[in-house]
Number of protein chains: 4
Amino acid sequence: MIIVMDPNAPASAVDRVVAEIERMGSRAHLSRGEFRTVIGAVGEEGTLDQNHLASLDGVEKVVPIMKPYKLASREFHEEDSVVEIGGGSVPVVKVGGSHAACIAGPCAVEGEEMLYKIARHVRDGGATVLRGGVYKPRTSPYSFQGLGIQALQWMRACGDELGMPICVEVMDTRQVEQMEKYVDCFQIGARNMQNFDLLREVGKTRKPVLLKRGLSASVKEWLMSAEYVLSQGNRGVLLCERGIKTFEDSIRYSMDISSIPVARQWSHLPMIVDPSHAAGKRDWVGALALAGMAAGAHGVIVEVHYNPAEAQCDGPQALLPETFKELMGQLRQIAAVTKKEFSEAAVTAGA
Amino acid sequence: MIIVMDPNAPASAVDRVVAEIERMGSRAHLSRGEFRTVIGAVGEEGTLDQNHLASLDGVEKVVPIMKPYKLASREFHEEDSVVEIGGGSVPVVKVGGSHAACIAGPCAVEGEEMLYKIARHVRDGGATVLRGGVYKPRTSPYSFQGLGIQALQWMRACGDELGMPICVEVMDTRQVEQMEKYVDCFQIGARNMQNFDLLREVGKTRKPVLLKRGLSASVKEWLMSAEYVLSQGNRGVLLCERGIKTFEDSIRYSMDISSIPVARQWSHLPMIVDPSHAAGKRDWVGALALAGMAAGAHGVIVEVHYNPAEAQCDGPQALLPETFKELMGQLRQIAAVTKKEFSEAAVTAGA
Amino acid sequence: MIIVMDPNAPASAVDRVVAEIERMGSRAHLSRGEFRTVIGAVGEEGTLDQNHLASLDGVEKVVPIMKPYKLASREFHEEDSVVEIGGGSVPVVKVGGSHAACIAGPCAVEGEEMLYKIARHVRDGGATVLRGGVYKPRTSPYSFQGLGIQALQWMRACGDELGMPICVEVMDTRQVEQMEKYVDCFQIGARNMQNFDLLREVGKTRKPVLLKRGLSASVKEWLMSAEYVLSQGNRGVLLCERGIKTFEDSIRYSMDISSIPVARQWSHLPMIVDPSHAAGKRDWVGALALAGMAAGAHGVIVEVHYNPAEAQCDGPQALLPETFKELMGQLRQIAAVTKKEFSEAAVTAGA
Amino acid sequence: MIIVMDPNAPASAVDRVVAEIERMGSRAHLSRGEFRTVIGAVGEEGTLDQNHLASLDGVEKVVPIMKPYKLASREFHEEDSVVEIGGGSVPVVKVGGSHAACIAGPCAVEGEEMLYKIARHVRDGGATVLRGGVYKPRTSPYSFQGLGIQALQWMRACGDELGMPICVEVMDTRQVEQMEKYVDCFQIGARNMQNFDLLREVGKTRKPVLLKRGLSASVKEWLMSAEYVLSQGNRGVLLCERGIKTFEDSIRYSMDISSIPVARQWSHLPMIVDPSHAAGKRDWVGALALAGMAAGAHGVIVEVHYNPAEAQCDGPQALLPETFKELMGQLRQIAAVTKKEFSEAAVTAGA
């Protein structure tokens, strides 16, 4: 940690900072320049309190050198992590390293029949994990909020029948225990990326967690949220880039394509992109999905509907089944360029 | 609602949109320009599904005319709302209209003695509501997370003794029931502004809610979150601007000063500013507080500490008691310019 | 154009708006809803003054329906434009439609020998257009500002010798006339995207213009700047995405990958991506280049240096020659997926 | 300057960095931590090349300690600068320190009569400097572009007659020489804040320069642009905050209120706010003007029109003369709170 002093900080202020660094068990190195004194604190960074040091008189700024996350970092785990989704009644799908996966399905589960119909379409198109919302985070209290437990049961049955692990969003700490019995993978939505109690609760389960990036979260904050889950003992975290808020208003959210190489350099966790929520409009979903894979992602999560005009939620961004199938073909080609391979759909009796 | 068709949408697509508008109980007005057809849907906008219309073939975009919130809007409630905090064991503090208030205290309650000491300082400086965190949302799982229920009990006792209603942050739906017994005002943090389950739970209580704006929430989204609380029957919502994320890195968050006149034009709810979290550094807290009041806010929420270097949380942004007192003097002068008045601290026996 | 009236605008205000619309030669269609009156103005949108209408009493907002640019739009020119760079002493390189191109070279021309050395490397690696700055826009007045006319002459000679058209940034209206004699393609930097006098001056020449997107320009503003050039009669505009400013601080600029499908849907102009300036760090240049091509770009512009530590400008983002060559191999594969092909380098005597 | 090495940088890389620091005339201090080596370079920072150091193998990042601007900094000039506008045929208006000023007038000069009429209104309302655009930067090439030299002559004559110095925007290096003869203060628009050639040209004149902040410029970049002007020998720079681009779409630009205390802490230059361009809508201009003064600005620049619906440019944001006068009354009160005073309008014969 580096402490930069104000140009006119008195010697006593410098002494105080040095004393505090030593009290916390680190060594202090002074560099007195012509205009400023800079103090380096050498030791284990976790034991130094950045905030405390910044509060001391005469301190202009504190620059941390070490990353604030540990379990999520490449330094901790040099190789790419491979996360396994599924097992038990459904096949295991691997994501990470050279394993790419496509997670697809409806935005929200709106009925049993529509779910099965879409699930068959996405499986035939090449998806190996089924997505579908049962509790929906909606900006308006007056919008459709999801069918809850009933929809969850349909998801489970449908995943089992088609041989696809299921990925479902959890919104509230009170839902975790019950949902754990049904889902193969929890999804944490962008608006809950810093719902720390929720992160801790899913961290206590042993189901993998697809962690969407918050709409204004830096890559570092995103990895800190991953750290919350990891620190509870759950090592199955998948990062999911889904677009950030910027000034640009031509598209719903701006997919931050650079977060992919950055997060992959800093962390060993697998990276998924969600082009549907970023684009908000089906015309642009394909380009963003291809870009995500080309930038190094380990897969995509996309929304598909056979009749988007019927969807109660996010219809404009849902791909038609045939478009989805074509896109998967292109994604496989791009994956090959970046040395990854999409798993094949498991063929099961019920299919 | 206005539906703009693609330049080359066929007549059948236009007919389909018109039919859907009529099916939803509104009337459709067609304007066929040389290049484009525009359809106006006239009726009660709440009954029209924007998403559905946007999903139809040939639709380029859908422009809503009405605001998506109702109970939070000026149209619904023309006069400024006055929210009352306190009552029972403590005096009532009014906020809204011509009533301004200052909410102050430590960032986190770190001990009984420090709490009482700071509380006395802020009361003497002119604050009438006491703040203090007992559950702290921290970006790192390894940081101090608050003292919980013990700290909550100290807050209640301290507020009672000094005659100040208390305002405390709630982070999880599971905390609402217990906290309701203690607090005079719930605070919803910026990172939970779209934790919709939490909004609903505090909406079911009858304690006022200070709703901080999310770090990347538009004013419209913020008012939609207020609507979540209001729609449960709780009419005591205070909006709190605390800075947004922008590209500017000289300061922690950029206080969006224009949100104050905008939200006040669109909504009747009282508006508070939080200069401490925006600035992140005590040097700049005063300027932001004064600016907020000048822009039309009904008060401020600020962090104060007699020895910031001791604070376990956000010490660098805490004002010293004497600086706080001076600032209150200036705030009173600014309030007068915008026709508001700060309530006087209640004088109680324990003071 | 659609004019939304305030909820309590009087009938006289509505009449005034209608009268103004008719005075400007359009027809007005009224839709009186329960809460609001909405007026559609039907006619040629260019003849309506949005600003004027927005100034009238009782007007809440004005929503334009038509795009504000014409020559840059797909409606005006349905097919992809193919821009030709070069001719005369150097081969013609086509960009647009199915033609992809790689523009590469040093950030700044710092000497004759270094220029030739880098130029040979990039040509051997697969670039067909040579880039190199001679006037450098630097944020500090104390930084190296480029070698000017001398460097420009080296660029011309080098391009001629290696058979590569040259692309050079122009910064000031006073440089246009002289530079036109030397360059095959003007580059307009991000900070000059709305230097309207400069846009007009290069618009008067007949050399193509690579127009970098401003750091906070919307896609619409970018196309308006292209319109400035096109409106002077110069039809050779190439759009270049180079990253925008966002809150994310892990990388220098956030490449706005979605601008590629959006601008390509709205406009017929070719699209280039500049991963070097977005990344600011060579580690991430490759991923961004691949993502840009996968999203539909017609090529890349990249910086290359055989010894980046020697570069006076932007060394950290320069690719090494061997990395560049490898990247070109991957770019060719990605281009094939999106149905484009990179031109082969011309083989010339001097090579 | 602090150089942080990669966790696995070899000793040879560290040696190379040390050697380079010493070659540039500074001393290197090594801090070898358990995980990382950090090198402090002590000496005159201006002689160290950050870019060069960042390019060296094994360097993770370089953190500058000193500010990159000098003449604009508080360290260089501890007291607030007081800039004088006018002199000769018009009174001198002081801005900076305890001197506040109001600059007002039409957005664009559209005719002689309208100019005189508005100029009289703003002088009577309390403005002491007259603004008016003669070359207008417009996003569309088809919009009104200003009346040029004719309008400039009207401005000069009007200012002389009413005893008000004039402030006029310059857009192109080729305009500087001629305009210098007429204007009392140059204005550099937000889109030209990094038009470095233009900054240098106005820096060579001896007329003060009102430098608007770019729409996505950091405070640091803004001060670097001021440094361009100052480095040419022109010490009369006024900073002008006019709003930045953010995700918020309720208002045209988000006024970055915190830039005022930040820039005032870092620099001695006077600070003006432009609430008109930030708001884009007259309803919100007053609140932003008051907030700017409360945050510590030395004045405002506002647009006024007696009949905004007639304006060819930015009518919706122009204040009516009576509103302007009222606002000036409130601004004087706020100025008193922050220890500043608006100069009185000079009374001249022609008035």
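Since we're looking at a predicted model, the values are computed, not measured.

Draft legend 1. Representation of the overall build of chain A. Secondary structure summary: chain A contains 11 helices and 15 strands in total. By the burial criterion, 62% of the 351 residues in chain A qualify as buried. Of all intrachain contacts in chain A linking residues separated by at least 6 positions in sequence, the fraction that spans at least 24 positions is 65%.

Draft legend 2. Summary view of the interface of chain B and chain D. Contacts between chain B and chain D engage 36 residues on the former and 36 residues on the latter. Elements with a minimum of two residues in the side of chain B that touches chain D: helix 7 (219–230), helix 8 (259–266), helix 9 (275–279), helix 10 (282–294) and helix 11 (321–337) of chain B. When residues in the side of chain B that touches chain D are grouped by element, the largest group, eight residues, is from helix 10 of chain B. Each residue belonging to the side of chain B that touches chain D can be placed in one class, and the counts come to 21 nonpolar, 10 polar and five charged.

Draft legend 3. The arrangement of the relation of the copies chain B and chain D in detail. The transform that puts chain B on chain D rotates by 180° and translates by 0.0 Å along the axis, for an RMSD of 0.0 Å. Put plainly, the chains are arranged around a two-fold axis. Minimal C-alpha distance to the rotation axis in chain B is attained by Ala291 of chain B, lying at 2.1 Å. Taken together, the interface assignments show that 100% of the residues at the interface of chain B recur at the interface of chain D, consistent with an identical surface on both copies.

Draft legend 4. Spotlight on the packing of helix 11 (residues 321–337) of chain A against helix 11 (residues 321–337) of chain C. Where helix 11 of chain A meets helix 11 of chain C, the axes come as close as 10 Å, and the angle between the chain directions of the two elements is 175°. Taken together, the axes of helix 11 of chain A and helix 11 of chain C lie roughly antiparallel to each other. Contact residues: helix 11 of chain A offers Gln330, Gln333, Ile334 and Val337 of chain A, while helix 11 of chain C offers Gln330, Gln333, Ile334 and Val337 of chain C. In the contact of helix 11 of chain A with helix 11 of chain C, the residues fall into four nonpolar, four polar and no charged.

Draft legend 5. Local environment of the relation of the copies chain B and chain C. Aligned on chain C, chain B shows an RMSD of 0.1 Å; the corresponding rotation is 180° and the shift along the axis is 0.0 Å. The overlap is high: 100% of the interface residues of chain B also sit at the interface in chain C, so the same surface is used on both sides.

Thresholds applied
Residues numbered from 1 in each chain as written. Chains lettered and ligands numbered in written order. Predicted model: local features only at pLDDT ≥ 70, side-chain atom pairs only at ≥ 80, totals over all residues. Helix = DSSP H or I, 4+ residues; strand = E, 2+ residues; numbered from the N terminus. Buried ≥ 20, exposed ≤ 12 C-beta atoms within 10 Å, placed from the backbone. Contact = placed C-beta atoms within 7 Å. Nonpolar A, V, L, I, M, F, W, Y, C, P; charged D, E, K, R; others polar. Least-squares fit on C-alpha atoms with pLDDT ≥ 70 in both. Axes fitted to C-alpha atoms, helices over the stretch in contact; angles between N-to-C directions. Parallel < 35°, antiparallel > 145°, perpendicular 65-115°, else oblique.

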